[in-house]
Each structure stands twice: as C-alpha cells, then as structure tokens.
Amino acid sequence: MSTIPKDPYMLLSYVNTQLRDHYDSLEEMCYALDVDVSTVVDVLSGIGYTYEADQNCFRS
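The present account deals with the structure reproduced in this document. (Residues numbered from 1 in each chain as written. Predicted model: local features only at pLDDT ≥ 70, side-chain atom pairs only at ≥ 80, totals over all residues. Heavy atoms only, no water.)

1. Comments concerning the packing of aromatic side chains
Across all of its chains, the model carries one aromatic pair by this definition. Measuring from ring centre to ring centre gives 5.4 Å for Tyr51 and Phe58, while their planes differ by 50°; the resulting arrangement is tilted. (Phe/Tyr/Trp six-rings, centres within 6.5 Å; stacked < 30°, edge-to-face > 60°.)

Put into structure tokens, the structure is as follows:
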C-alpha cells in the first residue's frame, strides 16, 4: 500500500474520491493502483466501513 494513504480515515477519503472520479469498481481501482483489495477492505472495515458495490463507495 505504498501509493495510497496509510491512515485509515485518509484512506477512506482517498479511496471514495478515486472510486467516484476514476473507477467503476473497487477491484478496478486496486488493480490500477497495484494495491491488494483485501488490505483496503480490512483497513476500512477496522473503522466501521464496508464497500457498497451498488454505490461504488465505502459507507458506515
């Protein structure tokens, strides 16, 4: 996860912005940024957020 923020709340903001502005899915974003999907999901679930595929964003 060297190319994305390590702080969970900064990561949440960054990921949701990227998903909104550039990518159609979490998997597409992670592939393009070369980050592990499960790592992003795990970090954000640790602060109470889950990925909503139909909304293409993380929500609490």
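2. What to know about unusual backbone geometry
Even without glycine at this site, Asp34 takes up a positive phi of about 55°. Within the fold, Asp34 resides in the loop between helix H2 (26–33) and helix H3 (37–45). With a relative accessible area of 70%, Asp34 lands in the exposed category. Unusually for a residue other than glycine, Asn56 sits at a positive phi of about 55°. Mapped onto the elements of the fold, Asn56 is located in the loop between strand S1 (50–52) and strand S2 (57–59). (Helix = DSSP H or I, 4+ residues; strand = E, 2+ residues; numbered from the N terminus. Buried < 20%, exposed > 50% of the residue type's maximum accessible area, 1.4 Å probe, protein only.)

3. Considering the state of the cysteines
Defined simply, a disulfide is a covalent bond joining two cysteines at their sulfur atoms. With the rule as written, the count across this model stands at zero disulfides. Take Cys30: it sits in no disulfide, and the sulfur closest to it among the cysteines is that of Cys57, at 14 Å. (Disulfide = S-S within 2.5 Å.)

4. Considering the pattern of salt bridges
Considering all chains together, one arrives at one salt bridge under this definition. Among the ionic pairs, Arg20 bridges to Asp21, the shortest N-O distance being 2.8 Å. On the basis of relative accessibility, which here comes to 61%, the residue Arg20 falls in the exposed class. What makes Asp21 partly exposed here is its relative accessible area of 42%. (Salt bridge = Lys/Arg side-chain N within 4 Å of Asp/Glu carboxyl O.)

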